[in-house]
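As a plain string of letters, each chain reads:
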Amino acid sequence: SQQGEEDPQALSIQEGENATMNCSYKTSINNLQWYRQNSGRGLVHLILIRSNEREKHSGRLRVTLDTSKKSSSLLITASRAADTASYFCATGRQETSGSRLTFGEGTQLTVNP
Amino acid sequence: DTGVSQNPRHKITKRGQNVTFRCDPISEHNRLYWYRQTLGQGPEFLTYFQNEAQLEKSRLLSDRFSAERPKGSFSTLEIQRTEQGDSAMYLCASSLDYRPYNEQFFGPGTRLTVL
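Residues numbered from 1 in each chain as written. Chains lettered and ligands numbered in written order. Predicted model: local features only at pLDDT ≥ 70, side-chain atom pairs only at ≥ 80, totals over all residues. Heavy atoms only, no water.

J.: Would you mind going over the nonpolar core in detail, with residue names and values included?
T.: General note: in soluble globular proteins, nonpolar side chains tend to be found buried as a group. In this structure, L32(A), W34(A), L74(A), I76(A), Y87(A) and L109(A) are the most contacted members of the largest nonpolar core, which totals 21 residues. Secondary-structure elements contributing two or more residues to this core are strand 3 (19–24), strand 4 (29–37), strand 5 (43–50), strand 7 (61–66), strand 8 (71–76), strand 9 (85–93) and strand 11 (107–112) of chain A. Ranked by size, the runner-up nonpolar core spans 19 residues in total, among them F49(B), L61(B), A88(B) and V114(B). (Core = buried A, V, L, I, M, F, W, Y, C linked by side-chain atoms within 4.5 Å. Buried < 20%, exposed > 50% of the residue type's maximum accessible area, 1.4 Å probe, protein only. Helix = DSSP H or I, 4+ residues; strand = E, 2+ residues; numbered from the N terminus.)

What follows is the structure, encoded as structure tokens:
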């Protein structure tokens, strides 16, 4: 079963607007990662945040992590049509940091030109 | 620089047939993972190799599924007596074991359709 739950399931915005996606999880984690998946293709790693970090930036991406609430958010600023994709959060657990990632169900982002 | 590759990209088969997929990881990566993804869902973990050793298997990996990584390089995933419920995207990923936070790099996937 999926540990993570993304919110919202679908998001439609205009180019230039910001997009915020949220992820909640249930167990203790070692790290949380965000991936992007274009339609019918493999996943692309976007950003990783460790359990002892609260915020991380990479280009137009900003990720926050609140381990007390077991939640994370991904902010994409100044969105572009090319950002249209599904976005997944994935957690790595403390005792199994070398193995599986547990993915949420994803947020489908549509950026309209 | 080549990423993770998977073959075939698409496979259509009839129920009851056996299928085999191949994954070639990034060359220096010693960890290899298989995931399954159904439409509208996130990937679900199936199994994981460290070099040639299969270290973890999900309960999703029934007796009809078998994965190998005989020389610690490429891996194969075989599904015997396929069922319609096996229709999904099968994703392979690889990573390096000395990186503590296990960033995984995914291939394009093999889309299986069981008729």
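J.: Outline the state of the cysteines, supporting the account with residue identities and numerical values.
T.: For the structure shown, the criterion picks out 2 disulfides over all chains. Across the disulfide from C23(A) sits C89(A); the S-S distance is 2.0 Å. Between C23(A) and C89(A) the disulfide shows an S-S torsion of about 65 degrees. By sign, it is right-handed. You can see C23(A) sitting in strand 3 and its partner C89(A) sitting in strand 9, a full 66 residues away along the chain. Residue pairing for C23(B): its cysteine sulfur links by disulfide to C92(B), the two sulfurs lying 1.8 Å apart. Because the sign of the S-S torsion sets the handedness, a value of about -65 degrees for the bond joining C23(B) and C92(B) places this disulfide among the left-handed ones. Taken together, the positions of C23(B) in strand 3 (residues 19–24) and C92(B) in strand 9 (residues 88–95) put the pair 69 residues apart, joining distant regions of the chain. Judged by its relative accessible area of 0%, C23(B) falls in the buried class. With a relative accessible area of 0%, C92(B) lands in the buried category. (Disulfide = S-S within 2.5 Å.)

J.: Let's hear about the environment of M89(B): which residues, and what values?
T.: Following the sequence through the fold, M89(B) ends up in strand 9. With relative accessibility at 4%, the residue M89(B) sits in the buried group.

J.: Run through the sheet that holds strand 7 (residues 65–68) of chain B, naming residues and quoting values.
T.: Residues and elements named next belong to chain B. Spatially, the 4 strands line up as an open sheet ordered 1-3-8-7, and their pairing is antiparallel. Two strands lie at the open edges of the sheet, namely strand 1 (5–7) and strand 7, each paired on one side alone. Each strand axis lies, on average, 15 degrees off the axis of its neighbour in the sheet, ignoring direction. The pairing of strand 7 with strand 8 (residues 75–79) spans 4 bridges and is classified as antiparallel. Of the residues in strand 8, the one forming a bridge with E68 is T76. (Pairing = 2+ DSSP bridges. Axes fitted to C-alpha atoms, helices over the stretch in contact; angles between N-to-C directions.)

J.: Which residues make up the side chain of D83(A), and what values do they have?
T.: Residue and element names in this part refer to chain A. Take D83: it is sitting in the loop between strand 8 and strand 9. In terms of polar contacts, D83 uses its side chain to reach the backbone amide nitrogen of R80, at 2.8 Å. Excluding anything up to four places from it in sequence, D83 contacts R60, I76, L109 and V111. (Polar contact = N/O pair within 3.5 Å; in protein donor to acceptor, adjacent residues only side chain to side chain. Contact = heavy atoms within 4.5 Å.)

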